[in-house]
Amino acid sequence: MNVTVFGATGAIGALTVDELLERGHAVTAYIRNPAKVPDRWAGAVSVVVGQIEDATAIDTVVAGSDVVVSALGPSMDRHATGLPLVEGTGHILAAMRRHGVTRYIGHGTPSILDPRERPTLQTRLIRFLGRTFLPRAYAELIGMTDLVMQARVRWTIVRFTAPKDTPKRDALRVGSYGQNSIGFAISRADIAAFTASQVVDDTYLDAAPAISN
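Okay, so let's go over this structure.

## A few points about the side chain of threonine 156
Logical step 1: Turning to its location among the elements, threonine 156 is positioned in strand E6 (residues 154-159).
Logical step 2: Not counting chain neighbours up to four residues away, the residues in contact with threonine 156 comprise Arg103, Tyr104, Ile105, Gly106, Gln198, Tyr204, Leu205, Ala207 and Pro209.

## Here's the deal with the pattern of salt bridges
Close approach of charged atoms allows side chains of opposite charge to pair.
Logical step 1: If you walk through the whole model with that rule in mind, you get nine salt bridges.
Logical step 2: For arginine 40, the salt bridge identified is with aspartate 18, shortest N-O distance 2.8 Å. Linking arginine 40 in the loop between strand E2 (26-31) and strand E3 (45-49) with aspartate 18 in helix H1 (residues 11-22), this pair joins segments that are 22 residues apart in sequence.
Logical step 3: On the basis of relative accessible area, aspartate 18 is assigned to the buried category, the value being 17%.

## So, the pairing of strand E5 (residues 103-108)
Logical step 1: For E5, the buried fraction is high: six of the six residues fall into the buried class.
Logical step 2: Covered by surrounding structure in E5 are Arg103, Ile105 and His107 together with Tyr104, Gly106 and Gly108, the residues of both alternating faces.
Logical step 3: When strand E4 (residues 67-70) meets E5, the two strands line up parallel, connected through four bridges. What sits directly across from valine 67, in E5, is arginine 103.
Logical step 4: Regarding topology, helix H3 (residues 84-99) serves as the crossover connection from E4 to the parallel E5, and that connection is right-handed.
Logical step 5: Strand direction decides the pairing type here: E5 and E6, joined by six bridges, are parallel. Along E6, the bridge assignment pairs arginine 103 with arginine 154.

## Here's the deal with helix H4 (residues 121-133)
Logical step 1: If you check H4, its first and last C-alpha atoms are 18 Å apart, about what 13 residues at 1.5 Å a residue would give, namely 18 Å.
Logical step 2: Of the surrounding secondary structure, the elements contacted by the buried residues of H4 are helix H5 (135-150).

## Things to note about the packing of H1 against helix H6 (residues 188-197)
Logical step 1: Direction vectors running N to C along H1 and H6 enclose 50 degrees, while the axes themselves pass 8 Å from each other. It follows from the interaxial angle that H1 and H6 lie oblique. The two elements H1 and H6 cross, and the hand of that crossing is right-handed. Residues Ala11, Ile12, Leu15, Thr16, Glu19 and Leu20 of H1 form the contact with H6, whose own contacting residues are Arg188, Ala189, Ile191, Ala192, Ala193, Thr195 and Ala196.

## Re the nonpolar core
Logical step 1: If you look at the biggest cluster of nonpolar residues, it comprises 24 residues, and the most contacted ones within it are Phe6, Ile58, Val62, Val68, Ile92, Met96 and Tyr104.
Logical step 2: Broken down by secondary-structure element, the contributors of at least two residues to this core are helix H2 (55-62), H3, H5 and E6.
Logical step 3: For this core, the leading source of residues is H3, giving six residues.
Logical step 4: If we ignore the near neighbours within four places in the chain, the residues touching valine 68 are Thr4, Phe6, Val62, Ile92, Met96, Val101, Arg103, Tyr104 and Ile105.
Logical step 5: Ranked by size, the runner-up nonpolar core spans 16 residues in total, among them Ala14, Ala29, Trp41 and Val199.

## Let's talk about the side chain of threonine 4
Logical step 1: With respect to the secondary-structure elements, threonine 4 resides in strand E1 (residues 2-6).
Logical step 2: Relative accessible area serves as the criterion here: at 1%, threonine 4 is assigned to the buried category.
Logical step 3: Within the structure, the side chain of threonine 4 is placed 3.1 Å from the backbone oxygen of valine 61, a separation counted as a polar contact.
Logical step 4: At 2.4 Å, the side chain of threonine 4 forms a polar contact with the side chain of serine 65.
Logical step 5: Apart from residues no more than four positions distant in its own chain, threonine 4 is found in contact with Thr28, Val61, Val62, Ser65, Val67, Val68 and Val69.

## Considerations on the packing of aromatic side chains
Logical step 1: On inspection of all chains with the given rule, the structure shows two aromatic pairs.
Logical step 2: Aromatic pair phenylalanine 6 and tyrosine 30: ring centres 5.2 Å apart, planes at 55 degrees, arrangement tilted. Taken together, the positions of phenylalanine 6 in strand E1 and tyrosine 30 in strand E2 put the pair 24 residues apart, joining distant regions of the chain. The two residues phenylalanine 6 and tyrosine 30 agree in class, both being buried.

Parameters and conventions
- Sequence positions are assigned chain by chain, starting from 1 and proceeding in written order.
- With the structure being a predicted model, the display of local features is reserved for residues of pLDDT at least 70 and the display and counting of side-chain atom pairs for 80 or more, all residues being used for whole-chain, interface and lining totals.
- Only hydrogens and water are set aside; all other atoms, that is, all heavy atoms of the structure, feed into the side-chain values.
- Where helices and strands are cited, they refer to DSSP runs of H or I of at least four residues and of E of at least two residues respectively, numbered from the N terminus.
- Contact definition: two residues touch when any of their heavy atoms are within 4.5 Å.
- By definition here, a salt bridge exists when the distance from a side-chain nitrogen of Lys or Arg to a carboxyl oxygen of Asp or Glu is within 4 Å.
- Note on classification: 1.4 Å probe, protein chains only; a residue is buried when its accessible area is under 20% of the maximum for its type, exposed when over 50%, partly exposed between these limits.
- Any two strands with at least two DSSP bridges between them are considered paired.
- Note on handedness: a clockwise path from strand one over the helix to strand two, with the strands aimed away from the viewer, defines a right-handed crossover.
- The span expected for a helix works out to 1.5 Å for each residue beyond the first.
- Interaxial angle, 0 to 180 degrees, is taken between N-to-C directions of lines fitted to C-alpha atoms, where a helix line uses only the stretch in contact.
- The cut-offs work like this: below 35 degrees is roughly parallel, past 145 is roughly antiparallel, 65 to 115 is roughly perpendicular, and the gaps in between are oblique.
- In a left-handed crossing the near helix is turned counterclockwise from the far helix by less than a right angle, and in a right-handed crossing that turn is clockwise.
- Residues belong to one nonpolar core when they are buried, are Ala, Val, Leu, Ile, Met, Phe, Trp, Tyr or Cys, and are joined through side-chain atoms within 4.5 Å.
- Polar contact criterion, stated in full: a pair of N or O atoms within 3.5 Å, where within protein one must be able to donate a hydrogen and the other to accept it, and residues adjacent in sequence count only if both atoms are side-chain atoms.
- Each aromatic pair joins two rings of Phe, Tyr and Trp (for Trp, the six-membered one) with centres within 6.5 Å, and gets the label stacked for planes under 30 degrees apart, edge-to-face for over 60, and tilted for any other angle.

Right under this line is the structure:
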């Protein structure tokens, strides 16, 4: 597959690019800061530098893709303002419509429910903490996911709570809150591997699987 990755140099995004390459996909990474591009990507990844607010650049990088993967995550800086990732996600989805790209894989929070779920104590707690202590970041996560779920694309939103810099375990709990036992902690490497696997897996089309170690 030709996969365009947004947020490609973030902690999870970079690992996701590595996983996609290991699976034989052709990867285009849309990045803001070229200084963050790992040396290991040389000759293997097509890198495009641009801002998330640049609709023209986003349109160009989405053209020719089979799948869009978004590893974008909001800034946790309490001084940050605005909702740039919501705007950027709108540009991504608009470009997908123009170029007939129908597959979107992104990341989200358990504050957002899968359409088949009901709130649980765990999801209510995570939502309360987000809204109370990181309201701007929470608004970005909700706004991005709402746009995707309402768009005419085949989407998968991978939800997780507490990513850790621990080794990949390849042993995941995957499912829905209220139906399956989902924990809090998960390694970023496992998030990346699961995200990359969705490129050719139709199990969670138009769904928001929750994952944990």
